[in-house]
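Coordinate analysis (summary)
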Amino acid sequence: DKVIRVVPESERETQILRAAFNRLKVDLWQPSSPFHIVEGTVTDVRVPQNMTRSLLPYLQQANIHYTILISDLQKAVESQTGLRSYRNRRSLSGYNYEVYHSLEEIQDWMHHLNRTHSDLVHMFSVGKSYEGRPLYVLKLGKRSRPYKKAVWIDCGIHAREWIGPAFCQWFVKEALQTYQTDPAMRKMLTQLYFYIMPVFNVDGYHFSWTNDRFWRKTRSKNTRFHCHGVDANRNWKVKWCDEGASFHPCDDTYCGPFPESEPEVKAVAHFLRKHRKQIKAYLSFHAYAQMLLYPYSYKYETIPNFNCVESAAYNAVNALQSAYGIRYRYGPASSTLYVSSGSSMDWAYKNGIPYAFAFELRDTGHFGFLLPEMLIKPTCTETMLAVKNITLHLLKKCH
């Protein structure tokens, strides 16, 4: 398999690509659906080996220029997950935050923190996944007073975006390690609670380790079609299954049979609704594109508290860039990325959480979903600066 990049330069090229990708049911890495391919859109697509002989010559004939981003995907996957068995996996005191961890390891790690850091960490489950796995969340913060505002952070809504869960774990590690020494972190954990869900889509994430590294959706079964899963970021009850989502169960952006059809989405939505008065920020971590997005996703319209949110985003992106010079684009999701309906960020915002953001972490396509482990540390380090920045912005009154 290969990953190629095409940037359509005309309406003609756009139509050809949309038609071809629809017909061939290729795995689009960027954007998430052929529907979003327009003139000038950077389009990354995974081409299965058996299709390279037909698709690539077809593009050449149509005079559509493409570049090869990853020439041997299998090799790239193996180089990332091949060394698993040699690592010391069991010792949690020496837990390695610079490698990707399986679901089982992440859950063991959560249990371990719950036991060893009971002063700052409380672990609980918001429900069960389609396949019956617990949906664990870590509540992080000093039990300094009965009522505190809170920040919700989730990672791994899309299974193949492994850098997300890596960041959620990194955030917890940083909080626990620097709480004593960093006044900013101390202030954050004293004045706020953080609800952190390292793996939102547990079934899908597990499946991306065991069966298909590039799986995106949940793993619910569809009785009429022999396709699994729903896009957990198109399944929320906000403009559900409108533009940018698909009604077809086999598509990557399938919105599901009805809103909150996925037990994972339903459980988190229920928790957020119950705590909506307390939760002031919702942060969701995705990959890849290097963007910081805020509402709306489903329409081109300015949110009421635009000035506060925009300035938080602007400062966060500058803080992030200060670490390694990595530039993030920021803005409303609809105009910065593309229009999509039924997203968790829009839902959170519509349900009264004033600061709702979705991060698209590194990179911009060179590695795509296969961001090497050596880039976990820099990616998490810079993202940490952005998150702290947003959190501290939250603690200051913005008018």
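Residues numbered from 1 in each chain as written. Predicted model: local features only at pLDDT ≥ 70, side-chain atom pairs only at ≥ 80, totals over all residues. Heavy atoms only, no water.

**Overview of the pattern of salt bridges**
Applicable threshold: Any Lys or Arg side-chain nitrogen found within 4 Å of a carboxyl oxygen on Asp or Glu counts as a salt bridge. Per the convention used, a helix needs a DSSP run of H or I reaching at least four residues, while a strand needs a run of E reaching at least two, with both numbered from the N terminus.
For the coordinates displayed, the defined rule picks out 15 salt bridges. A salt bridge links R5 to D44, with the nearest nitrogen and oxygen atoms 2.7 Å apart. Highlighted residues: R5 in strand β1 (residues 2-6) and D44 in strand β3 (residues 43-47), separated in sequence by 39 residues. Where R216 meets D231, a salt bridge forms, and the shortest distance between an N and an O atom there is 2.6 Å. Taken together, the residues span a long stretch of sequence, with R216 in the loop between α7 (202-210) and α8 (263-274) and D231 in the loop between α7 and α8 at a distance of 15 residues.

**Describing the domain arrangement of the protein**
Worth spelling out the cut-off: By convention here, the domain bounds are inherited from an automatic or database domain assignment. Once two parts are brought into contact, the accessible area they lose, counted with a 1.4 Å probe and summed over both, makes up the buried area. Residues adjacent in sequence count toward polar contacts only when both atoms are side-chain atoms; beyond that, a polar contact is any pair of N or O atoms within 3.5 Å, and within protein one must be able to donate a hydrogen and the other to accept it.
Once the domains are mapped, the protein shows domain 1 (2-71) and domain 2 (92-211 + 240-395). It is W29, Q30 and H36 in domain 1 that bury the most area against domain 2; as a group they hold 40% of the surface buried on that side. Counting every contact that joins domain 1 to domain 2 gives two salt bridges. We note a salt bridge from R160 to D27, for which the minimum N-O separation is 3.0 Å. Counting across the domain 1 and domain 2 interface gives seven residue pairs in polar contact (both at pLDDT 80 or more).

**Some thoughts on unusual backbone geometry**
Here A287 and Y288 are connected by a cis peptide whose omega angle stands at 5°. Among the secondary structure elements, Y288 is positioned in the loop between β9 (279-287) and β10 (291-294). Going from R362 to D363, the amide bond is cis rather than trans, its omega being 5°. As for its position among the elements, D363 is in the loop between β12 (355-361) and α12 (376-395). Positive phi outside glycine occurs at E260, with the angle close to 60°.

**Here we look at the sheet that holds strand β8 (residues 192-197)**
Convention followed: One bridge is not enough; two strands pair if DSSP finds at least two bridges between them. With axes taken as lines fitted to C-alpha atoms, and helix axes fitted only over the stretch in contact, angles between N-to-C directions fall between 0 and 180 degrees. By definition in these notes, contact holds between two residues if any of their heavy atoms fall within 4.5 Å.
With respect to topology, eight strands assemble into an open sheet ordered β5-β6-β8-β7-β9-β12-β10-β11, the strand pairing being mixed. Each of the sheet's edge strands pairs with one partner strand only, and the pair in question is β5 (121-128) and β11 (329-332). Each strand of the sheet is rotated relative to its neighbour by a mean of 20°, with strand direction disregarded. With respect to the sheet, helix α5 (residues 163-178) is in contact with β5, β6 (134-140), β7 (149-155), β8, β9 and β12, its orientation differing from that of β7 by roughly 140°.

**Quick notes on the sheet that holds β1**
Within the open sheet, the four strands sit side by side as β2-β3-β1-β4. Their pairing is antiparallel. Strand pairing shows two members of the sheet lacking a second neighbour, β2 (27-30) and β4 (66-70), which therefore form its edges. Across the sheet, the mean angle from the axis of one strand to that of its neighbour is 30°, orientation sign disregarded. Bridging between β1 and β4 involves four bridges; their strand directions are antiparallel. When the sheet's bridge partners are listed, R5 is paired in β4 with T67.

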